[in-house]
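Report on the structure
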Amino acid sequence: TDGSAYDAVFTGLADKGVYMLKGALTPAVVQSIALNCTAGVLDGATAKYIPVQNGAAMVCFLGTDRRVYATNGVETTDITTGKIGNELDGYVLDRLQLAVNPIFTSARNDRDHHYVLDCGGGRFYCYDWMKQCWTKFTRWVSGYWVEATDLNGTPILYVTDSENPRLVQQNAGLLDDDVPITPFWTSGYIRIGKAINNIFKWMFLRFRTDNGRV
């Protein structure tokens, strides 16, 4: 977490336990602090530093128990709430049992305030750290991610494809796999993609009828 107010390095064990190396940028005073977490880190590439707001920060990671955790260096919280927890658990377990050398990676999508968990196989679980809710994405390219900005300073994401020798820019424009996105439903106010991939925490519907009945 270079540049953070904590001056610390997050360390996760593959077996069990996560630690914060306090004062890691000043080796003479480094201190290992065990965080309250019953799981280890399933894949180090899923650990991502998130500068939340008001100077606060957290590290999100996929645990060895196939749940996603967030820690601020003091407290560690399981953020896989609701139905997303069971679905994520099942999918990660399938990947571990059926895929050859499965990898799990992550990215920080600053434009949409998403912690992106790339589970491979074309499935992605995105945690909105502002709204504290989850969305499932499909049809992105899986691999190792890099956060960047374009010439206008807009946050963009690059990923090295784990299946093909190519570098892909994702989460930009109105194209999906080089094909214009076809929305599932549109109105004057809302544009929605595939219905199964949209999870809304708060949604308001405005309508009018001729007879006042619904």
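Residues numbered from 1 in each chain as written. Predicted model: local features only at pLDDT ≥ 70, side-chain atom pairs only at ≥ 80, totals over all residues. Heavy atoms only, no water.

Per the secondary structure count, the protein chain includes one helix and 18 strands. Expressed as a percentage of the 214 residues in the protein chain, the buried residues total 35%. Here the analysis covers contacts within the protein chain between residues at least 6 apart in sequence; of these, 36% occur between residues at least 24 apart. Element-wise, carbon and sulfur atoms account for 53% of the exposed surface of the protein chain, whose accessible area totals about 13,200 Å². (Helix = DSSP H or I, 4+ residues; strand = E, 2+ residues; numbered from the N terminus. Buried < 20%, exposed > 50% of the residue type's maximum accessible area, 1.4 Å probe, protein only. Contact = heavy atoms within 4.5 Å. Areas by Shrake-Rupley, 256 points an atom, 1.4 Å probe, with all protein chains shown as cover.)

To continue, consider unusual backbone geometry. In this model, Arg66 sits at a positive phi of 65 degrees, which is unusual for a non-glycine residue. In this structure, His113 takes a positive phi of about 60 degrees despite not being glycine. Looking at the element boundaries, His113 is found in the loop between strand 8 (105-109) and strand 9 (114-118). The exposure class of His113 is partly exposed, given its relative accessible area of 32%.

What follows concerns the nonpolar core. Among the nonpolar cores identified, the biggest contains 19 residues, and Val68 and Cys119 are the most heavily contacted of them. Going through the elements one at a time, strand 5 (58-62), strand 6 (68-71), helix 1 (83-98), strand 9 and strand 10 (123-128) are the ones with two or more residues in this core. Sorting elements by how many residues they give to this core places helix 1 first, with four residues. Non-local contacts of Val68, meaning those with residues more than four positions away in its chain, are made with Phe61, Leu62, Thr77, Asp78, Ile79, Thr80, Leu88, Tyr115, Leu117 and Trp134. (Core = buried A, V, L, I, M, F, W, Y, C linked by side-chain atoms within 4.5 Å.)

This part covers the pairing of strand 12 (residues 143-149). Taken together, the seven bridges between strand 12 and strand 13 (residues 155-161) define a ladder with antiparallel strand orientation. By the bridge assignment, Glu147 is partnered in strand 13 with Leu157. Taking the residues between adjacent antiparallel strands as the criterion, strand 12 and strand 13 are bridged by five residues, where Gly153 takes a positive phi near 85 degrees. (Pairing = 2+ DSSP bridges.)

Under the criterion given, the structure shown has seven salt bridges. For the salt bridge of Glu87 with Arg123, the shortest nitrogen-to-oxygen distance reads 3.7 Å. Here Glu87 is found in helix 1, whereas its partner Arg123 is found in strand 10, with 36 residues between them in sequence. For Glu87, a relative accessible area of 31% translates into the label partly exposed. For Arg123, a relative accessible area of 24% gives the class partly exposed. In this structure, Glu87 engages Lys136 in a salt bridge whose closest nitrogen and oxygen atoms are separated by 3.0 Å. (Salt bridge = Lys/Arg side-chain N within 4 Å of Asp/Glu carboxyl O.)

Reading across the sheet, the four strands line up as 8-9-10-11 and stay open at both edges, with antiparallel pairing between neighbours. Across the chains shown, the open sheet's two edge strands, defined by having one partner strand only, are strand 8 and strand 11 (133-138). This sheet shows a mean twist of 25 degrees between the axes of neighbouring strands, independent of strand direction. Note that strand 8 and strand 9 share five bridges and pair antiparallel. Across the sheet, residue Thr105 finds its bridge partner in strand 9, namely Asp118. Packed on one face of the sheet, helix 1 meets strand 9, strand 10 and strand 11 and runs near 145 degrees to strand 10. (Axes fitted to C-alpha atoms, helices over the stretch in contact; angles between N-to-C directions.)

As far as function goes, none of this settles anything; it's purely spatial.
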